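# A closer look at the structure
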Amino acid sequence: MPGKTYRQLGVRLWGDGAYEREPIDGADTRYPSLGEARAQDVVVNKIWARNGSVAVVPPHLSGSFVSAEFPLFVVDRSKAEPAWLAWLAKWPEFWRRCDLAARGTSGKNRIRPEQFLDVRVPLPSLPEQRRRIARTEALASRALAVEQLIAGNAQVLARLVDQVVAAALEERNGQMITLGDCLAEPPRNGIAEAPSGEGETPILRISAATSRSDDEVDLSDIRWLAGGPERYVDWRLRADDLLACRFNGNRAFVGHFARVAAQPPEPLVYPDKLIRFRVDPLRAIPEFVAIALNHGATRQSVEALCNTTAGNIGISARRLAGVMLSLPSLEDQRILLSAVNAVRQRVREAVSTERETLQTLPKLRQAAIREMFS
């Protein structure tokens, strides 16, 4: 009906369920009619059923509509639980059987409703279906809880490092000086030359100085400049150089310092949106300076100096050189670095363990689903 708005239902791939699409006016569809979905109906994407685009309609999508490309089926509740069919849609063997049933249809592998109904599936008694559903849903619920816990832990661990750094700096109060006072030479902006697909001289991407959480430069994140290394001698990087991002759309990246942790194996330069700072090793330890600038009150003062123009946030080398930081003795700097790095190592170990757990969860889910339909 032209002038009437219809909620639309879509079906994700790989048994990932139904979702609400953008609404449509009755005048904007070429179909003469739409199918109205009800809660617990089974909805099938004719083209992509072979890729798990089958779902049970959830209650909140009851009353939404689908085109003729999404046939609807009403479940016989005396034979099957809708939840049984919802889990069936997540089973790779079911996708394969839908694929076999659909092959050759109209040259597009569409599965017709009668072909879908002919797909053979496991169907134990209703009590056994309910028992297996309950067991699999309990496992899925635990897996989701683990994922949410790990996501929360990542944020907690990031805050922990920041708190440790701030507490360590406060404990061993040093002399308040500007960043410029502990430099061996003036800061230098990078090369304002567009990289090419191929070339002779590697140049860092901007993300090389912002992507890592350990305040180190990612030396593998590079592009290439056409000229030879001798052309860019003034911009060559060496171990313990600090790089700060001077323009970015994300405030957290602007003025963030990253250290070149090791001597680059070949001449390596940096782009115009990064600024190089060389710390005088007789005054300060470069790694300490980077940590001190990236955390606590010093980091807040850096962000306060940022300017916004045309959607970009920026800070100049001059402003960064004027940032005040607390600089204790070299011995105290080493003690602080040792404490901070010990905490960081524990955090890395925790993150690594959790990452392994996250990689295991999908395999556990698939094992549970396989067992459910065995």
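These remarks concern the structure in this document. (Residues numbered from 1 in each chain as written. Predicted model: local features only at pLDDT ≥ 70, side-chain atom pairs only at ≥ 80, totals over all residues. Heavy atoms only, no water.)

## Overview of the overall build of the chain
When you go through the chain residue by residue, the secondary structure sums to eight helices and 18 strands. In terms of overall size, the chain is more extended than a compact globule, its C-alpha atoms giving a radius of gyration of 30 Å where 374 residues would be expected to give roughly 21 Å. Looking at the chain as a whole, 41% of its 374 residues qualify as buried. Of all intrachain contacts in the chain linking residues separated by at least 6 positions in sequence, the fraction that spans at least 24 positions is 76%. Put simply, the chain shows about 19600 Å² of open surface, and 52% of that area lies on carbon and sulfur atoms. Distance from the positive charge centre (50 side chains) to the negative charge centre (45 side chains) of the chain: 6 Å. (Helix = DSSP H or I, 4+ residues; strand = E, 2+ residues; numbered from the N terminus. Rg over C-alpha atoms; globule rule 2.2 N^0.38 Å. Buried < 20%, exposed > 50% of the residue type's maximum accessible area, 1.4 Å probe, protein only. Contact = heavy atoms within 4.5 Å. Areas by Shrake-Rupley, 256 points an atom, 1.4 Å probe, with all protein chains shown as cover. Lys, Arg positive; Asp, Glu negative; His and termini not counted. Charge placed at Lys NZ, Arg CZ, Asp CG, Glu CD.)

## Notes on the sheet that holds strand β13 (residues 247-248)
Taken together, the three strands give an open sheet; going across it, the order is β13-β17-β16, and neighbouring strands pair in antiparallel fashion. Where the open sheet ends on each side, the last strands, each with one partner, are β13 and β16 (307-309). Of the pairings in the sheet, the one linking β13 to strand β17 (residues 312-314) comprises two bridges and is antiparallel in character. Across the sheet, residue Phe247 finds its bridge partner in β17, namely Gly314. (Pairing = 2+ DSSP bridges.)

## So, helix α6 (residues 296-304)
Within α6, the full set of buried residues consists of Gly296, Thr298, Arg299 and Val302. The arc that holds every buried residue of α6, seen down its axis, measures 150 degrees, which confines them to one face. Residues of α6 that are exposed and point over 90 degrees away from its buried face: Ala297, Gln300 and Ala304. (Arc of directions from axis to C-beta.)

## Thoughts on the pattern of salt bridges
Side chains bearing opposite charge may pair, as long as their charged atoms lie close to each other. Taken as a whole, this structure holds 25 salt bridges when the rule is applied. Among the ionic pairs, Arg21 bridges to Glu22, the shortest N-O distance being 3.7 Å. Since its relative accessible area comes to 48%, Glu22 is described here as partly exposed. With its nearest N and O atoms 2.6 Å apart, the salt bridge here joins Arg212 to Asp214. Classification of Arg212 as partly exposed rests on a relative accessible area of 33%. Taken together, the shared-partner salt bridges connect Arg212, Asp214, Glu216, Asp240, Arg259 and Glu287 into one network. (Salt bridge = Lys/Arg side-chain N within 4 Å of Asp/Glu carboxyl O.)

## Topic: the packing of aromatic side chains
With the rule as written, the count across this model stands at seven aromatic pairs. Ring plane angle 25 degrees and centroid distance 5.0 Å describe the contact between Trp91 and Phe373, whose orientation is recorded as stacked. With Trp91 in the loop between α1 (82-88) and α2 (92-102) and Phe373 in the segment after α8 (330-372), this pair connects stretches of sequence that are 282 residues apart. Accessibility assignment for this pair places Trp91 and Phe373 in one class, buried. Where Phe257 meets Phe277, the ring centres are 5.3 Å apart and the plane angle is 55 degrees; that geometry is what we call tilted. Of this pair, Phe257 sits in strand β14 (residues 257-259) while Phe277 sits in strand β15 (residues 274-277), placing them 20 residues apart in sequence. The pair formed by Phe257 and Phe277 is uniform in burial state, with each residue classed as buried. Feature note: the residues Phe73, Phe94 and Phe116 constitute an aromatic cluster, connected by ring pairs. In this structure, Lys90 packs its charged tip against the face of Trp87, placed 5.8 Å from the ring centre. Taking the ring centre of Trp235 as reference, the NZ or CZ of Arg188 above it sits at 5.4 Å. (Phe/Tyr/Trp six-rings, centres within 6.5 Å; stacked < 30°, edge-to-face > 60°. Lys NZ or Arg CZ within 6 Å of the ring centre and 35° of its normal.)

## Quick look at the side chain of Asp99
Within the secondary structure layout, Asp99 lies in helix α2. In contact with Asp99, not counting residues within four places along its chain, are Arg50 and Asn109.

## Here's the deal with the state of the cysteines
Counted by the stated rule, this structure contains zero disulfides. Take Cys245: it sits in no disulfide, and the sulfur closest to it among the cysteines is that of Cys306, at 9.4 Å. (Disulfide = S-S within 2.5 Å.)

## Let's talk about the nonpolar core
Of all hydrophobic cores here, the largest spans 34 residues; its most connected members are Leu179, Leu242, Phe257, Phe277, Phe288, Val289 and Leu320. Of all the secondary structure elements, the ones that give two or more residues to this core are α4 (126-171), β12 (242-245), β15, α5 (286-294), α7 (317-321), β18 (324-327) and α8. For this core, the element with the most residues is α5, which contributes six residues. Setting aside anything within four residues of it in sequence, one finds Leu179 in contact with Phe257, Phe277, Val289, Leu293, Leu320, Ala321, Val323 and Leu325. Listed in part, the 24 residues of the second largest apolar core include Ala49, Ala89, Ile111 and Met372. (Core = buried A, V, L, I, M, F, W, Y, C linked by side-chain atoms within 4.5 Å.)

## Looking at the environment of Leu72
Tracing the sequence through the fold places Leu72 in strand β7 (residues 72-73). Through-space distance from the C-alpha of Leu72 to that of Arg278 is 67 Å; in sequence the pair is 206 residues apart. Leaving out residues up to four positions away in the same chain, Leu72 has contacts with Gly35, Glu36, Ala37, Asp41, Val42, Val43 and Val66.

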